[in-house]
Structures are given as C-alpha cells and as structure tokens.
Amino acid sequence: MFRTKLVILLAFIAVSGLSACISSSASKPYVMADDQTYQAALFRQNCAVCHGREGEGAVLPNGTVIPSLRDAHHKFNTRAEIYNQITHGGNGMTPFERQLTDNERQLLTDLVYSKLRGGK
Ligand code: HEC
C-alpha cells in the first residue's frame, strides 16, 4: 500500500516537473493587446485601423489588401525599409511623417521588426 502511494507520488512529481519544463521553454506569441507600452499604444491608435488589432492584416471593404505585419513573407525587411514605409507610406498606406515624431516612428519600426516579426 505504502509502495503504491510512493509510486503515484513519484509519478506525479515527474509529470509536474516535466510540464513545468515544457511550458517555460515554449515561447509565447507576442500579444499586442496585452502590451501596455507607449509603443503598443501608438500602434493601436495609428496602425490597427488598417493592419488589424494584432497586426494580422486585413482586406478593407473597398478591396484594399492590407498586409500582415507578422508574416514571414514581407516586402520590407530591414529596419530602414520599415522606417521608410512608416514615414512615407505609399501604395495605400498613409504617410506618418507629419503625424508622428521621429522617435515615435522609430518605436513603431522596432515594434514591427522585433516584437511582431521576432527580429533581433
Ligand atoms: C490606411 C491604411 C493603413 C494605415 C493606417 C497603416 N498602414 Fe501600413 N500598410 C498599408 C498598406 C496598404 C500597405 C502595403 C503597401 C505596399 O504594398 O507597398 C502597408 C504596408 C506596411 C508595411 C510594410 C509591410 C511589408 O510587407 O513589409 C509596414 C511595416 C507597415 N505598413 C507599418 C505600418 C505602421 C507601423 C502603421 C502605423 C503607424 C501603419 N502601417 C499604418 C496600409 C496602412
């Protein structure tokens, strides 16, 4: 009887230890709605209207295709290219040169590059 309890106890410890290991090693996807930084607030105020709340992209009622900012396949890859797109817009995107400061556009560039696309 004692041995059975011991075996069950040991099995329990092994399983809980293992699951703790698995959950801590799995990286959670970045959720913009949970991010309380100024960076994420800027995105929600200026970009989500087209790119979606999580930057997942959309097709507007007029047929304009808004690209996902998370996809592995994107048009602009470097920080400079992303910054340029945010500053000058084009191809259906509004320019933010006058609406946002240089620092704010840098913050959004980092958000797209690092948080949404996982770049370092
Ligand atoms: C009026 C709708 C609209 C708004 C608002 C908007 N975008 Fe865009 N965005 C677009 C469209 C359309 C494209 C595709 C442009 C192209 O294909 O050249 C795009 C493209 C991009 C790209 C390039 C994606 C790629 O494939 O590499 C980035 C980065 C981007 N937007 C970031 C932002 C950020 C950050 C904001 C907020 C400051 C923002 N956008 C606001 C419509 C919008």
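The structure contained in this document is the topic of the report that follows. (Residues numbered from 1 in each chain as written. Predicted model: local features only at pLDDT ≥ 70, side-chain atom pairs only at ≥ 80, totals over all residues. Heavy atoms only, no water.)

**A word on the overall build of the protein chain**
Counting secondary structure elements, the protein chain contains 5 helices and 2 strands. Element order for the protein chain, N to C, with α for helix and β for strand: α-α-α-β-β-α-α. In the protein chain, of all internal contacts separated by at least 6 residues, the share reaching a separation of at least 24 is 45%. (Helix = DSSP H or I, 4+ residues; strand = E, 2+ residues; numbered from the N terminus. Contact = heavy atoms within 4.5 Å.)

**As for the side chain of H51**
Within the element layout of this structure, H51 appears in helix 3 (residues 48–51). Residue H51 is classed as buried on the basis of its relative accessible area of 10%. At 3.0 Å, the side chain of H51 forms a polar contact with the backbone oxygen of P67. Non-local contacts of H51, meaning those with residues more than four positions away in its chain, are made with F43, E56, G57, I66, P67, L69 and M93. (Buried < 20%, exposed > 50% of the residue type's maximum accessible area, 1.4 Å probe, protein only. Polar contact = N/O pair within 3.5 Å; in protein donor to acceptor, adjacent residues only side chain to side chain.)

**Describing helix 5 (residues 102–116)**
Given a rise of 1.5 Å per residue, 15 residues ought to cover 21 Å, and the 20 Å separating the end C-alpha atoms of helix 5 matches this to within 8%. Within the sequence span of helix 5, burial applies to E104, R105, L108, T109, L111, V112 and L116. Positive phi appears at G118, one or two residues downstream of helix 5, with a value of about 70°. (Expected span 1.5 Å × (residues − 1).)

**Focus: the side chain of R105**
Within the secondary structure layout, R105 lies in helix 5. An unpaired buried charge is present at R105: no salt bridge exists, and D102, the closest side chain of opposite charge, is 4.5 Å distant. The residues touching R105, leaving out its near neighbours within four places in the chain, are Y83, I86, T87, F96, E97 and L100. (Lys, Arg positive; Asp, Glu negative; His and termini not counted. Salt bridge = Lys/Arg side-chain N within 4 Å of Asp/Glu carboxyl O.)

**A closer look at unusual backbone geometry**
Positive phi values are uncommon outside glycine, yet N91 reaches one of about 60°. Along the chain, N91 falls in the loop between helix 4 (79–88) and helix 5. Among the residues examined, N91 registers a relative accessible area of 75% and is labelled exposed.

**Quick look at the coordination of the iron atom of the ligand**
Protein coordination of the iron atom of the ligand is provided by H51 (NE2) and M93 (SD), with donor distances spanning 2.0 to 2.2 Å. What the 6 donor atoms of the iron atom of the ligand show is an angle range of 87 to 179° at the metal, which sorts the shape as octahedral. With H51 in helix 3 and M93 in the loop between helix 4 and helix 5, this residue pair connects regions lying 42 residues apart in the sequence. (Donors = N, O, S within 2.8 Å, 3.2 Å for Na, K, Ca; no water. Tetrahedral: all angles 85-135°; square planar, octahedral: opposite > 155°, others 65-115°.)

**Digging into the site of the ligand**
Inspection of the region around the ligand gives 23 residues, with C47, C50, H51, K75 and M93 positioned closest. Here F76 contributes a backbone N or O atom positioned 2.9 Å from an oxygen atom of the ligand. (Near = heavy atom within 4 Å.)

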